[in-house]
Every structure is written in structure tokens, then in C-alpha cells.
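Examining the three-dimensional arrangement
What follows is each chain in one-letter form.
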Amino acid sequence: MTKRERFLNVLANKPVDRVPVAFFHHFLEDWHDFGLGVENDAVFEKNIEGHRTACKIFNPDVAKIMNDSLMLMPVEASFVKTASDLRKIEPLSMNSKFVQRTLELTKRVCEIYAETGAPVYATSFSPTLVLRSALPEGRRPGLGGPETVIKRFIQEDPEALGVACKAVSEGIIELNRLLLKECGVDGIYLSVNNQSGFFPEEVYRTFISPHEKAVLDDANTLSDVNILHICGFIGKGNDLNLFTGFDAAAYNWAVHTEKVSLSEGKKLFGGKAVFGGFEQSGVLYKGTREEVEACAWKILDEAGQVGIMLGADCTVPADIDDNRLEWVRQAAIRYAGR
């Protein structure tokens, strides 16, 4: 099967010749460089070339554009001092340099992956993650940082948080439309989370998730292969029940953090396609080839080979040897040929 045929069969819960493999990692190892690509050409180019270098080692079954140098949409929120100020936040203009750079990065990385035949995804982030990163946090001494500030805002005026999320989501939606229409990506890989129950469930369901769903629903009008990533990065878990109402073609979550296996999650998400199984920095990062293969086979023994892709809980370490990702693909091939 071609990569695209295999992938579409996974999404349709049809048999495949072997399960595809979908691993992603960042290309900027220095976190201080994240988001600097709007103005820093060297960081911007390093981000793009990282894809090219990695692709020479591991030819992906499914590719995702890692936008490290442009990481999060720069919404203007420096004026926010009280919860009511959240109501003044506006969607990002599509004429901004951030958007233009994002379109350029996406088109150029799509060209890198074109020869692989792999479906290509653009990375999209939850409005709340964008909002939390945009708040002035440390610029207001004595407020205790962004986590404390957001929790205070929730107490003061949760509805204002919802208004801000809606405004941010409108900018995300417009950018995703451009990525899908103009840049050649197949779908949107939307990252959402409520890690460790940061937002009270009622607040999340009432004021946050409707705007995350709106981002996904709009992308679904242009593509039927959009993926929901429930981010349990570095061991911070989520209540997966909060996300069962999201309409995605496939779902990924932190199996090892949430303690929900692929087969269990597949039932939870209505039988739709799922992927993952490996820890971010466990056996895949440091185990022997035999141990990596044994882990892959154990995952497939549990989950089967229909509607399943092998991947990780979240991004694997940026300095991983990409040959290790090929070990997993070869393990999947051998498993199917038993």
C-alpha cells in the first residue's frame, strides 16, 4: 500500500498491510529559540532545515510540520491586568508578519515532505495555550506568574476568559484556513489540554472547550482527516472524558500518563482511529533495538492492527536518533508478516 492509502485505511478502520508509524519531535533543541523565527532568520531557517535533515534518516509515514520558531500565535495581551481586560483581546490579523512567516514555513516544509508521499499536518494550538503564553505574567511583579494569574481571572470573571478564548480562536481558525487552502497540508493537528485539571471542569466545558471545538469543526469543513492531540506533556495528565465530544478523524493522548491504553481509548472515542503507545523518552529513546521492537509488538498485541498507528504520548526528545523511529517501522512490518 502507499502511505496515503495505508493512512486513509487506518482512519476508516479498514485492514492495512502493516500499521503506519507517526512520531514527531522538535527541531530547535534550545527552548530559548522557540518563537523567535518571526524576526530571527537564522532560527527560522534552522527550524525548516531540521525537517530536511531528519527526513533523510527517517522517511515518515505521516508528517507533521513542527513550527518551533513560530511556536505560538503572538496575541496582543500586554495590557491585561484584570479579568475584565480579557474582553478587549482581539483576533490576530492575517496581515501580521507571524502569519506570513507561518505560511512560508509551511509551504517550504511541505516541499520537503512532498517526495515522501506522506500525509502532512500543520500544528495548531488550543486558544487557551495561546492566551496563557501571551499574558504579560512576569512583567507584573508580585502576581505570581501566569498560572496564578489565570486562576485569579477564573475566580474574578470566567465569562471574560471565554470571550478571550473566542477572540483568539477566530484568529486560529483564519490561519488554519490559509494553511489548508494555500499551503498543501492535508489536515490540522490540534493540540488541546486541561493538564492536571488546571481548569475546573465546569469552566473548561462552558468557557473553553466550545472554542477549541470551533477550531476543529471549522477545519473539518475543509479536511476530513484532522487529528486531535490531547497533550499530556512530561507526565501532566488529562481527563479524557472532557474530549469525547471533539469531532476528529483520529485521537492521540498520553497513554502512560492517563493510564488509558490504545484499545481502551478507541472505545472511549467511539471506535475512531487512535495512535500512540510509546512513552516520550522511555524505551524508544534509550532502549536497545530488541527492546524497542518488543515494546512495539506489545502495543500491537493489545491494540490490534485496525484503526491504529504507532506513535508516542507526545513529542519525543529533540535529540533522539531518528534511526530509532525506523526501528519501530521495521518492527511493525515484521509484526504484520508473522
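Position labels on residues start from 1 in each chain and follow its written sequence. At least 70 in pLDDT is required for a residue's local features to be given in this predicted model, at least 80 for side-chain atom pairs to be given and counted, and no such filter applies to totals for whole chains, interfaces and linings, which use all residues. Hydrogens and water molecules were not included; the side-chain quantities draw on all heavy atoms of the structure.

1. Remarks on the pairing of strand β7 (residues 273–278)
- Three exposure classes are used, based on accessible area relative to the maximum for each residue type with a 1.4 Å probe and protein chains only: buried under 20%, partly exposed in between, and exposed over 50%. Helical segments are the DSSP runs of H or I of at least four residues, strand segments are the runs of E of at least two, and each set is numbered from the N terminus. Of all the six residues making up β7, six are buried; the element is thus mostly covered by neighbouring parts of the structure.
- One requirement defines pairing of two strands: DSSP has to find at least two bridges between them. Where strand β6 (residues 250–252) meets β7, three bridges bridge the pair, whose relative direction is parallel. Across the sheet, the residue bridging to Asn252 is Phe275, located in β7.
- Note that β7 and strand β8 (residues 308–312) share five bridges and pair parallel. Residue pairing for β8: Gly276 is matched across the bridge by Leu310.

2. So, the pattern of salt bridges
- Salt bridge, as used here, is a side-chain nitrogen of Lys or Arg placed within 4 Å of a carboxyl oxygen of Asp or Glu. Enumeration according to the criterion identifies 20 salt bridges in this entry.
- Residue Asp61 is joined to Arg329 by a salt bridge in which the shortest nitrogen-to-oxygen separation is 2.9 Å. With Asp61 in the loop between α2 (41–57) and β2 (63–65) and Arg329 in helix α12 (residues 323–336), this residue pair connects regions lying 268 residues apart in the sequence. Exposure class is identical for Asp61 and Arg329. Each is buried.
- One continuous salt-bridge network, built from bridges that share partners, spans Asp41, Glu45, Arg101, Glu104 and Arg108.

3. Notes on the packing of aromatic side chains
- Paired rings are identified among Phe, Tyr and Trp, the last through its six-membered ring, by centres lying within 6.5 Å, and are further divided according to the angle between planes into stacked (under 30 degrees), edge-to-face (over 60) and tilted (the rest). Considering all chains together, one arrives at eleven aromatic pairs under this definition.
- Of the aromatic side chains, those joined through ring pairs into one cluster are Phe24, Tyr189 and Phe275.
- Positioned above the aromatic ring of Phe246, the side-chain terminus of Lys213 is 5.6 Å from the ring centre. Criterion for a charge above a ring: Lys NZ or Arg CZ within 6 Å of the ring centre, and within 35 degrees of the ring normal.

4. What to know about the packing of helix α4 (residues 127–134) against helix α6 (residues 158–182)
- In contact at an axis separation of 9 Å, α4 and α6 are set at 105° when each is read in the N-to-C sense. It follows from the interaxial angle that α4 and α6 lie roughly perpendicular. Contact residues: Pro127, Thr128, Val130 and Leu131 in α4; Leu161, Ala164, Cys165, Val168, Ser169 and Ile172 in α6.
- Three classes are used, and their members are as follows: Ala, Val, Leu, Ile, Met, Phe, Trp, Tyr, Cys and Pro are nonpolar, Asp, Glu, Lys and Arg are charged, and the others, Gly among them, are polar. Residues of the contact of α4 with α6, tallied by class, amount to eight nonpolar, two polar and no charged. Axis lines are fitted to C-alpha atoms, over the contacting stretch for helices. Their N-to-C directions set the angle, which ranges from 0 to 180 degrees. An angle below 35 degrees is read as roughly parallel, one above 145 as roughly antiparallel, one from 65 to 115 as roughly perpendicular, and any other as oblique. Contact definition: two residues touch when any of their heavy atoms are within 4.5 Å.

5. Focus: the nonpolar core
- We call a set of buried residues a nonpolar core when its members are Ala, Val, Leu, Ile, Met, Phe, Trp, Tyr or Cys and they connect through side-chain atoms within 4.5 Å of each other. Within the largest apolar cluster, 101 residues are counted, with the highest numbers of intra-cluster contacts made by Leu86, Ile89, Leu228, Trp253, Phe278 and Leu310.
- The element best represented in this core is α6, accounting for twelve residues.
- Apart from residues lying up to four places away in sequence, Leu228 is in contact with Leu190, Val192, Leu216, Phe243, Phe246, Ala248, Ala250, Tyr251 and Asn252.
- Within the second largest apolar cluster, 19 residues are counted, among which are Phe7, Leu11, Val16 and Val225.

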